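Observations on the model geometry
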Amino acid sequence: MIWLARDVIGVIDIEDDRAEWTFPAAPDAVRAARAAVRGRLRAWDLDSLSDLAALLVSELVTNSLRYATGPIGVRLVRSPHLDGVLLVEVSDPLPDPPRARVAGPDDESGRGLQLVAHASERWGTRPGGEGKTVWFELALPE
């Protein structure tokens with residue numbers, strides 16, 4: 001996988017059960033975040049979650065790009081302490097929590113949070129020191 005220097009501000013941490021990246025608030029962030037998530041899940045032998053996790057991350061990163069300025073953080077946590085789930089977080093500097101919209105049949109946007117809600121085990125938001133984090137959980141394969 002090839003990333004350009006402008007695609008990722010930094011790889012914060014990659015350990016056995018955790019990976020974190022920071023992406024610039026630029027259109028390439030969506031592609032780079034998808035690639036990072038897919039690559040890490042393949043490294044963890046979680047290929048079965050890779051497409052869904054990448055899709056949901058791209059929805060949340062797109063929301064961050066649309067409404068916030070500043071860097072976007074993406075974090076994956078795979079841990080026995082999490083009751084068999086993969087925790088995925090997307091953070092940005094905007095403190096306002098996202099609001100789910102009801103998209104009409106011809107609307108080209110407004111379905112991202114609905115997709116996250118329906119495709120994940122659980123999801124939510126929490127405030128951070130500077131901004132917010134939107135998170136979701138996917139069941140790990142048995």
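Residues numbered from 1 in each chain as written. Predicted model: local features only at pLDDT ≥ 70, side-chain atom pairs only at ≥ 80, totals over all residues. Heavy atoms only, no water.

Description of the environment of P95
Counted only if it meets this: Secondary structure follows DSSP: runs of H or I at least 4 residues long count as helices, runs of E at least 2 residues long count as strands, and numbering of each begins at the N terminus. Residue contacts are counted whenever heavy atoms from the two residues lie within 4.5 Å of one another.
Note that P95 resides in the loop between β4 (85-92) and α3 (112-119). Along the backbone, P95 and G129 are 34 residues apart, and their C-alpha atoms lie at a distance of 9.0 Å. Leave out the neighbours within four places in its chain, and P95 touches G131 and K132.

Some thoughts on the layout of surface pockets
Heads up, the rule is: With a 1 Å grid laid over protein atoms only, a set of points is called a cavity when a 1.4 Å probe fits there but cannot get out and a pocket when it is open yet has protein on both sides within 12 Å along at least five of seven lines; lining residues have an atom within 4 Å of a point. Grid points are joined across faces, edges and corners, and a volume is the space filled by probe spheres set on the points. When residues are grouped by polarity, Ala, Val, Leu, Ile, Met, Phe, Trp, Tyr, Cys and Pro land in nonpolar, Asp, Glu, Lys and Arg in charged, and all others, Gly among them, in polar.
Estimated volume of the second largest pocket: approximately 290 Å³. Around the second largest pocket sit 20 residues that line it, and G73, S91, D92, K132 and T133 are the ones nearest its centre. Counting residues per element, the ones that place at least two in the lining of the second largest pocket are β2 (18-23), β3 (72-78), β4, β5 (122-128) and β6 (131-139). Across the lining of the second largest pocket, the residue classes tally to seven nonpolar, six polar and seven charged.

Thoughts on the pairing of β4
Applicable threshold: Relative accessibility under 20% of the residue-type maximum defines a buried residue, over 50% an exposed one, and the middle range a partly exposed one, all with a 1.4 Å probe and only protein chains included. The criterion for strand pairing is that DSSP finds at least two bridges linking the strands in question.
For β4, the buried fraction is high: seven of the eight residues fall into the buried class. Taken together, the six bridges between β3 and β4 define a ladder with antiparallel strand orientation. From the neighbouring strand, R78 faces β4, where its bridge partner is L86. Summarising the sheet, β4 and β6 pair through eight bridges and their orientation is antiparallel. Pairing of V85 across the sheet is with A139, part of β6.

In short, shape yes, function no, at least from these values alone.
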